[in-house]
Amino acid sequence: MKKLILATGNSGKVRELDAMLSGVYEVISQKELGVNEVPETGLSFVENALIKARNASKQTGLPALADDSGLVVDALSGAPGIYSARYAGKGASDEENLQKLLSDLKRNNNDNRRARFWCALTFVQHCQDPTPVIIQRGWEGEIIDEVRGEGGFGYDPIFYVPSHGCTSAELSPEEKNKISHRGQALQAFLEQLKD
């Protein structure tokens with residue numbers, strides 16, 4: 001089975017991607033191989049994902065898959081966006097980021113709670129791959145004021161999924177992987193591999 005490095009330090013993303021790629025690739029997290037993370041200096045999810053994938057591939061010599069994703073909230077002009085993991089500051093916890101988001105929405109005094117998780121997935125065969133695979137997918141929902149559910153990570157406990165009548169954190173991991181932004185992007189990636 002071919003080896004693939006996952007270019008992320010986020011343990012929640014590693015768990016999700018590893019579960020979805022099982023049987024297709026032997027997945028190795030960049031942490032296992034001691035890959036030094038690189039600053040995400042891009043201005044979009046795609047740019048940041050490419051930076052991470054090329055960095056992991058360069059340091060390991062393996063094909064690399066990177067995901068840059070985050071929450072885009074309409075009432076906050078797209079924030080936290082590419083800064084989702086550090087919305088409350090560098091090194092902020094999931095809980096701190098979540099509470100800052102709720103506080104900003106309350107201060108904004110806007111009834112629009114529409115939001116989407118966005119995922120840019122990039123795959124490179126090698127660090128200088130001139131034709132990276134780039135896939136983007138979104139997952140529509142709404143932000144609620146109360147934390148609900150024990151699953152997932154990040155903003156999942158306040159991301160309400162109208163089609164399922166619950167938050168992302170209340171979905172089983174299997175169901176979330178089927179319908180989430182990351183799940184949709186990875187399914188499209190696997191379809192492209194078949195072609």
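Numbering of residues starts from 1 in every chain and runs along the sequence as written. Thresholds applied to this predicted model are a pLDDT of at least 70 for local features of residues and 80 or more for the giving and counting of side-chain atom pairs; totals over whole chains, interfaces and linings are not thresholded and use all residues. Note: side-chain values were computed over all heavy atoms of the structure, leaving out hydrogens and water.

### A word on the overall build of the protein
- Helix and strand assignments come from DSSP, with helices taken as H or I runs of at least 4 residues and strands as E runs of at least 2, each series counted from the N terminus. Along its length, the protein carries five helices and seven strands.
- In terms of overall size, the protein behaves like a compact globule, its C-alpha atoms giving a radius of gyration of 16 Å where 195 residues would be expected to give roughly 16 Å.
- Here the C-alpha coordinates of the protein stretch approximately 50 × 30 × 25 Å along the principal axes.
- We call two residues in contact whenever any of their non-hydrogen atoms come within 4.5 Å of each other. Taking the intrachain contacts of the protein between residues at least 6 apart in sequence as the baseline, contacts between residues at least 24 apart amount to 59%.
- A total accessible area of about 9700 Å² is found for the protein, and carbon and sulfur atoms account for 48% of it.
- If the 22 positive side-chain charges of the protein are averaged to one point and the 27 negative ones to another, these points end up 4 Å apart. The size measure is the radius of gyration over C-alpha atoms, and the globule rule it meets is 2.2 Å times the number of residues to the 0.38 power. For the area figures, the Shrake-Rupley method with a 1.4 Å probe applies, and any residue is considered shielded solely by the protein chains shown. Under the convention used here, Asp and Glu are negative, Lys and Arg are positive, and both His and the chain ends fall outside the count. Here the site of a charge means NZ on Lys, CZ on Arg, CG on Asp, or CD on Glu.

### Observations concerning the layout of surface pockets
- Grid points spaced at 1 Å and placed over the protein atoms alone form the basis of the search, with a cavity being a set where a 1.4 Å probe fits but cannot get out and a pocket an open set showing protein on both sides within 12 Å along at least five of seven lines. Lining residues have an atom within 4 Å of a point. Grid points are joined across faces, edges and corners, and a volume is the space filled by probe spheres set on the points. Space inside the largest pocket adds up to approximately 860 Å³.
- Every residue lining the largest pocket is counted, 35 residues in all, and those nearest its centre are N10, K13, E40, A85 and R86.
- At the level of elements, α2 (45-60), β3 (64-73), α3 (94-108) and α5 (181-194) are the ones that each hand at least two residues to the lining of the largest pocket.
- Per-element tally for the lining of the largest pocket: the top contributor is β3, with four residues.
- Polarity classes work like this: nonpolar for Ala, Val, Leu, Ile, Met, Phe, Trp, Tyr, Cys and Pro, charged for Asp, Glu, Lys and Arg, and polar for all others, with Gly in that last group. Looking at the lining of the largest pocket residue by residue, the classes come out as 10 nonpolar, 14 polar and 11 charged.
- Taken as a whole, the second largest pocket encloses approximately 210 Å³ of empty space.
- Along the walls of the second largest pocket sit 13 residues, with R15, E16, G152, P173 and N177 positioned nearest its centre.
- Listing elements by their share of the lining of the second largest pocket, those giving two or more residues are α1 (11-21) and α4 (173-179).

### Section: the confidence of the model for the protein
- For the protein, the mean per-residue pLDDT works out to 93, and 99% of the residues sit at or above 70.
- As a per-residue quantity, pLDDT reports the predictor's confidence and falls between 0 and 100. Ranking the elements of the protein by mean pLDDT puts α1 last, at 79, and strand β6 (residues 159-161) first, at 98.

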